[in-house]
Amino acid sequence: MNQVVYSEDHDLSRVNRLDELKEMVRMCSRCGLRAGCSGAVFGEGNPGAAVMLIGEGPGAEEDRMGRPFVGKAGQLLDKILGSVGMERFTDTFIANVVKCRPPGNRVPRTEETERCLPWLYRQIELISPQIIVLLGSTALQNLISPDARITKMRGEWLVSKSGIMIMPTYHPAALLRDTGKKRPVWEDFRKVRDEYQKVNAF
Ligand code: URA
């Protein structure tokens, strides 16, 4: 068996395969979340996708299934993707800021996100997307800035140092609470689809 030795040094540059990274995440206990959940939810989709979607962390259903965005918010996400002609397994890879479910679906704490983010950074490096969609505040604040506000920043493109186009939008769970957010999110995803069509044309 190909045993992966967990490294504390946070330098994941030697991990060059997504399945190897997944195995390391499966064995991770860098923070307290792992003890209270069923298992880490690595993420899923097309490992060569041009579009990466990043949420907050697994909920109850995701924890049970070991897959991201499979509960009500996930079903809505699939519909939004479908409405702009995209599909999660072919067009995207979906991951979260934290891989283990926070108890009672609370927002992950700084000490948890700090420990977990190196996994996400390496996922981004290995998948190498041209577009990243940040779903909600937690993704925005952890990837862009702790002071960033989703209400102010959604719908406008940001560009990373390495040229990745980043679109912040509301989290699908927020749409379940406030249907008035559906239209802006749909508009944001249309922008994502248009950009995706451009990068896909080359
Ligand atoms: N909410 C998230 O942020 N991620 C999931 O995987 C499910 C719900």
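1. What about the pairing of strand β3 (residues 92-96)?
- Burial analysis of β3 places 5 of its 5 residues in the buried class, which makes it a mostly covered element.
- Neither face of β3 is open: one carries Thr 92, Ile 94 and Asn 96, the other Phe 93 and Ala 95, and all of them are buried.
- Here strand β1 (residues 44-45) pairs with β3 via 2 bridges, running antiparallel. Bridging across to β3, Gly 45 finds its partner in Phe 93.
- Both strand β2 (residues 51-55) and β3 contribute to a ladder of 5 bridges, which runs parallel. By the bridge assignment, Leu 53 is partnered in β3 with Ile 94.

2. Some thoughts on the site of the ligand
- Neighbouring the ligand are Gly 55, Glu 56, Gly 57, Glu 62, Pro 68, Phe 69, Asn 96 and His 171.
- Within the backbone of Gly 57, a nitrogen or oxygen atom sits 3.0 Å from a nitrogen atom of the ligand.
- Against a free-state accessible area of 230 Å², the protein chains account for coverage of 92% of the ligand.
- A breakdown of the residues in the shell around the ligand according to their chemical character gives 2 nonpolar, 4 polar and 2 charged.

3. Looking at the nonpolar core
- Residues Leu 53 and Phe 189 are the most contacted members of the largest nonpolar core, which totals 55 residues.
- Of the residues forming this core, the biggest block, 6 residues, is contributed by helix α5 (residues 110-127).
- Ignoring sequence-local partners within four residues, the contact set of Phe 189 consists of Leu 53, Leu 77, Ile 80, Leu 81, Val 84, Val 133, Leu 135 and Thr 169.

4. What about the pattern of salt bridges?
- As enumerated under the stated definition, the model contains 13 salt bridges in all.
- For the salt bridge of Glu 23 with Arg 26, the shortest nitrogen-to-oxygen distance reads 2.8 Å. Taken together, the residues span about one helical turn, with Glu 23 and Arg 26 both in helix α1 (residues 18-26) at a distance of 3 residues.
- Across the pair Arg 67 and Glu 44 runs a salt bridge whose closest N-O atoms are separated by 2.9 Å. Placement of the pair is Arg 67 in the loop between α2 (60-65) and α3 (72-83) and Glu 44 in strand β1, with a sequence separation of 23 residues.

5. A closer look at the side chain of Glu 195
- You can see Glu 195 is positioned in helix α9 (residues 182-200).
- Judged by relative accessible area, which is 14%, Glu 195 ranks as buried.
- Setting aside anything within four residues of it in sequence, one finds Glu 195 in contact with Ile 131, Trp 157 and Met 165.

6. What to know about the packing of aromatic side chains
- Under the defined criterion, the tally for this structure stands at 1 aromatic pair.
- Ring plane angle 80° and centroid distance 6.4 Å describe the contact between Phe 42 and Phe 93, whose orientation is recorded as edge-to-face. Pair noted here: Phe 42 is in the loop between α1 and β1 and Phe 93 is in strand β3, with a separation of 51 residues, a long-range link. Residue Phe 42 shares its accessibility class with Phe 93, and that shared class is buried.
- Over the aromatic face of Tyr 170 sits the side chain of Lys 181, whose NZ or CZ is 5.0 Å from the ring centroid.
- Positioned over the ring face of Trp 186 is Arg 190, at 4.7 Å from the centre of the ring.

7. Description of the sheet that holds strand β6 (residues 165-169)
- Here 6 strands make up an open sheet; going across it, the order is β1-β3-β2-β4-β6-β5 and the pairing mixed. The sheet is open, and its two borders are formed by β1 and β5 (158-159), each paired with just one other strand.
- Packed onto the sheet, α5 meets β2, β3 and β4 (131-135) and runs at close to 170° relative to β2.

About the cut-offs
In every chain, residue numbers begin from 1 and rise along the written sequence. It should be noted that, the model being predicted, local features are given only for residues of pLDDT at least 70 and side-chain atom pairs only at 80 or more, the latter also being counted only at that level, while totals for whole chains, interfaces and linings use all residues. Processing note: side-chain calculations cover all non-hydrogen atoms of the structure and skip hydrogens and water entirely. To sort residues, take the accessible area from a 1.4 Å probe on protein chains only and compare it with the maximum for the residue type: under 20% means buried, over 50% means exposed, and anything in between is partly exposed. In DSSP terms, a helix is any run of H or I states spanning at least four residues, a strand is any run of E spanning at least two, and both are numbered starting from the N terminus. Pairing between strands is defined by DSSP: at least two bridges between the two strands are required. Put simply, a residue is near a molecule or strand once any heavy atom of it comes within 4 Å of that molecule or strand. In protein, a polar contact requires one atom able to donate a hydrogen and another able to accept it; more generally it is a pair of N or O atoms within 3.5 Å, and residues adjacent in sequence count only if both atoms are side-chain atoms. All accessible-area figures derive from a Shrake-Rupley calculation using a 1.4 Å probe, and residue coverage is judged against the displayed protein chains alone. When residue character is reported, Ala, Val, Leu, Ile, Met, Phe, Trp, Tyr, Cys and Pro are called nonpolar, Asp, Glu, Lys and Arg charged, and the others, Gly included, polar. Joining through side-chain atoms within 4.5 Å is the link that ties buried Ala, Val, Leu, Ile, Met, Phe, Trp, Tyr and Cys residues into a set, and such a set is a nonpolar core. Should any heavy atoms of two residues lie within 4.5 Å, those residues are considered in contact. Salt bridge, as applied in this entry: a Lys or Arg side-chain nitrogen positioned within 4 Å of an Asp or Glu carboxyl oxygen. Geometry of aromatic contacts follows a simple scheme: Phe, Tyr and Trp rings, the Trp one being its six-membered ring, pair when their centres are within 6.5 Å, and the pair is stacked under 30 degrees between planes, edge-to-face over 60, tilted otherwise. A ring is scored as having a charge over it whenever the NZ atom of a lysine or the CZ atom of an arginine sits within 6 Å of its centre and within 35 degrees of its normal. The axes are straight lines fitted to the C-alpha atoms, using for helices just the contacting stretch, and the angles between their N-to-C directions are given from 0 to 180°.

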